[in-house]
Amino acid sequence: MRARLPALVLALMLLLAGCSSGGTRDDGRITLRFQSLAWQEESVEANEQLVKEWNATHPDVRVEYVQGSWDSVHDQLLTAFEGGEAPDIIHDASDDLADFAYGGYLADLTGLLPARLKSDIPQRTWETTTFGDGVYGVPFLQEPRVLIANATWLRQSGVPIPTPEKPWSWAEFRRITERLSGPGKYGVAWPLKEPVSATLNLSLSTGGQLFHRGPDGKVTVRFGTADQTVPRTIHDQANTDRSASPTTLGSSGSDTLPGFFAGRYAMVPLGFSYRQQIVQQAPKGFDWQVLPAPAGAGGLTQGVSPQTLSIAEDCPHKKEAAAFLDFLLRPPNMVRLALGDWMLPTGTQALGDPALRTTRHGWASGTALAAQLRPAPAQTVRGYPEWKDKVATPALQEYYSGAIGLGALRERLEGDGNLVLARYQR
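Within each chain, residue numbers correspond to sequence positions counted from 1 in written order. Given that the model is predicted, a residue must reach a pLDDT of at least 70 before its local features are reported, and side-chain atom pairs must reach 80 or more before they are shown or counted; all residues, however, enter totals for whole chains, interfaces and linings. The basis for the side-chain values is all heavy atoms of the structure; hydrogens and waters are excluded.

A. Structural view of the sheet that holds strand β9 (residues 186-188). Strands are labelled as partners when DSSP assigns at least two bridges between them. Strands are runs of DSSP state E lasting at least two residues, helices are runs of H or I lasting at least four, and both sets are numbered from the N terminus onward. Strand order in the open sheet made by the four strands is β9-β12-β8-β13, with mixed pairing throughout. Lying at the two open borders of the sheet, with one neighbouring strand each, are β9 and β13 (288-292). Direction aside, the axes of adjacent strands within the sheet are offset by 30° on average. Relative to strand β12 (residues 265-271), strand β8 (residues 145-150) is paired through five bridges, and the arrangement is antiparallel. Bridge pairing links V146 to L270 in β12. For helices, the axis comes from a line fit to the C-alpha atoms of the stretch in contact; other axes are also lines fit to C-alpha atoms, and the angle between any two N-to-C directions lies between 0 and 180 degrees.

Here it is in structure tokens:
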């Protein structure tokens with residue numbers, strides 16, 4: 001769920017941010033620029049309020065809130081880094097950090113973060129922001145991919161309802177979506193406008209990995225049997241069983257909601273945070289529930305790319321910036337940020353907060369999956385953004401639409417994909 005800003009507006013915002021670069025004023029007061037990518041009203045409000053609270057209690061270190069956008073954030077940050085205008089504190093996602101970390105644009109936080117924060121976030125989560133021997137971001141929000149289901153439809157059909165303790169297998173999921181389908185209705189609607197992260201992250205449940213690092217440190221793509229279960233399921237639902245709507249394959253998650261509310265789809269696989277849109281948009285009386293994604297040999301394991309907070313290498317006040325991160329990510333504040341974004345906090349203490357354990361709006365269903373979340377397969381792969389945009393996205397889109405077969409998909413992911421990655425590993 002990423003909001004888009006017009007390119008010209010965003011360029012002007014970044015230019016203004018660069019013109020008001022952080023530093024030390026004549027009166028000795030430090031100013032740090034914090035570029036946030038929060039976009040939902042509740043999330044923006046939570047971030048802005050926390051900045052105000054920091055400024056009210058830290059008169060010598062002022063934080064300036066800069067509103068950014070998820071739209072083309074990688075290219076925008078690269079331009080800011082190369083132009084010497086990067087914000088001091090950077091909000092991004094872990095799968096976007098590799099090139100910046102290896103390129104020397106982000107500060108190594110290893111010696112800057114307090115022990116409290118280091119121990120509160122699980123080691124497996126820290127791995128999402130660890131590149132080489134350094135840590136280049138604090139992972140603070142994450143979301144599993146779940147099945148949002150029409151509870152009335154499932155209840156009337158008599159299908160077994162999956163739970164985290166007894167989830168559907170991928171084969172069972174396929175059979176159930178076929179059973180739920182009928183004239184003008186589909187068991188599932190896959191919103192795969194951006195198919196790569198969904199495919200790779202869900203494939204961890206079947207033991208898929210796709211990216212393999214050799215003894216020399218170089219990464220190659222191998223599209224093996226375990227990697228094929230999830231894409232084959234989606235392909236067969238859409239093209240063989242006709243249990244998945246073919247029209248939603250090129251849609252975003254938001255695009256599927258009107259059809260879901262209208263009773264055309266029994267289930268939609270979505271990021272956990274989409275619950276906010278459902279609460280806001282669902283017609284009165286619409287009964288929905290959150291179900292775990294299907295499981296395979298790897299159980300309910302799935303990959304995630306947490307939202308992150310980093311410090312620019314060029315920031316002249318890294319110690320003060322790290323102190324702000326510590327404040328922003330104290331357990332009560334992390335809960336506020338999670339509630340604002342309708343996501344899960346990475347911190348163990350925050351995750352145990354009663355506000356995130358309620359059954360209302362499916363919060364408890366999501367927190368039950370937190371222990372199964374692992375670093376997304378592409379986390380440390382240099383060149384991943386180019387591989388995703390130029391190779392994997394078009395190849396998967398063509399496969400899911402039925403335009404190419406599994407063999408052609410494998411050839412493109414491995415053949416074309418390895419050529420792209422090789423340029424980053426010389």
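Moving on, there is more to tell.
B. Main features of the layout of surface pockets. If you add up the space inside the second largest pocket, you get close to 150 Å³. Cavities and pockets are defined on a 1 Å grid built over the protein atoms alone: a cavity is a set of grid points where a 1.4 Å probe fits but cannot escape, while a pocket is an open set with protein on both sides within 12 Å along at least five of seven lines, and lining residues are those with an atom within 4 Å of any such point. In terms of lining residues, the second largest pocket is bounded by L204, Q209, F211, H212, R213, V219, P375, A376, P377, Q379, T380 and V381. The element that contributes the greatest number of residues to the lining of the second largest pocket is strand β10 (residues 211-213), accounting for three residues. Three categories are distinguished: nonpolar for Ala, Val, Leu, Ile, Met, Phe, Trp, Tyr, Cys and Pro, charged for Asp, Glu, Lys and Arg, and polar for the others, with Gly belonging to the last. Looking at side-chain class alone, the lining of the second largest pocket contains seven nonpolar, four polar and one charged residues. Grid points are joined across faces, edges and corners, and a volume is the space filled by probe spheres set on the points.

C. Molecular detail of the side chain of S43. Here S43 lies in helix α2 (residues 41-57). Residues are treated as being in contact if the distance between any of their heavy atoms lies within 4.5 Å. Beyond its immediate stretch of four places on either side in the chain, S43 contacts A38, G340 and D341.

D. Expanded view of the packing of aromatic side chains. Any two of the Phe, Tyr and Trp rings considered here, Trp counted by its six-membered ring, make a pair once their centres fall within 6.5 Å; the pair's planes then place it as stacked at under 30 degrees, edge-to-face at over 60, or tilted in between. Following the criterion strictly, the structure yields 22 aromatic pairs and no others. Taken together, a centroid distance of 6.4 Å and an interplanar angle of 75° make the contact between F100 and Y105 edge-to-face. Exposure is judged per residue with a 1.4 Å probe applied to protein chains only, and the accessible area is read against the type maximum: over 50% gives exposed, under 20% gives buried, and values in between give partly exposed. When its relative accessible area of 2% is taken as the criterion, F100 is described as buried. Given the relative accessible area of 23%, Y105 is considered partly exposed. A connected cluster of aromatic rings, assembled from ring pairs, spans F34, W54, Y65, F324 and F327.

E. Region of interest: the pairing of strand β4 (residues 89-93). With five of five residues buried, β4 lies mostly within the body of the structure. Alternating positions in β4 separate into two faces, I89, H91 and A93 on one and I90 and D92 on the other, with burial throughout. As defined by bridge partners, strand β2 (residues 30-36) adjoins β4 across two bridges and the pair is classed as parallel. For Q35, the partnering residue across the bridge sits in β4 and is I90. Summarising the sheet, β4 and strand β15 (residues 307-311) pair through five bridges and their orientation is antiparallel. Counterpart to D92 in the pairing with β15 is T308.

F. Spatial organisation of empty space enclosed by the protein. Inspection of the entire model under this criterion finds three cavities of 30 Å³ or more. Each pocket or cavity is described by its volume, and for the largest cavity that value is around 100 Å³. Lining the largest cavity are 14 residues, with T199, L200, L210, F223 and D227 sitting closest to its centre. Across the lining of the largest cavity, the residue classes break down as nine nonpolar, four polar and one charged. Considering only enclosed or pocket space, the second largest cavity measures out at about 40 Å³ in volume. As for the second largest cavity, its lining consists of R124, T125, T128, Q142, V304, L373, R374 and P375. Those elements that place two or more of their residues in the lining of the second largest cavity are α6 (123-126) and β17 (373-375). For the lining of the second largest cavity, the class distribution of residues is three nonpolar, three polar and two charged.

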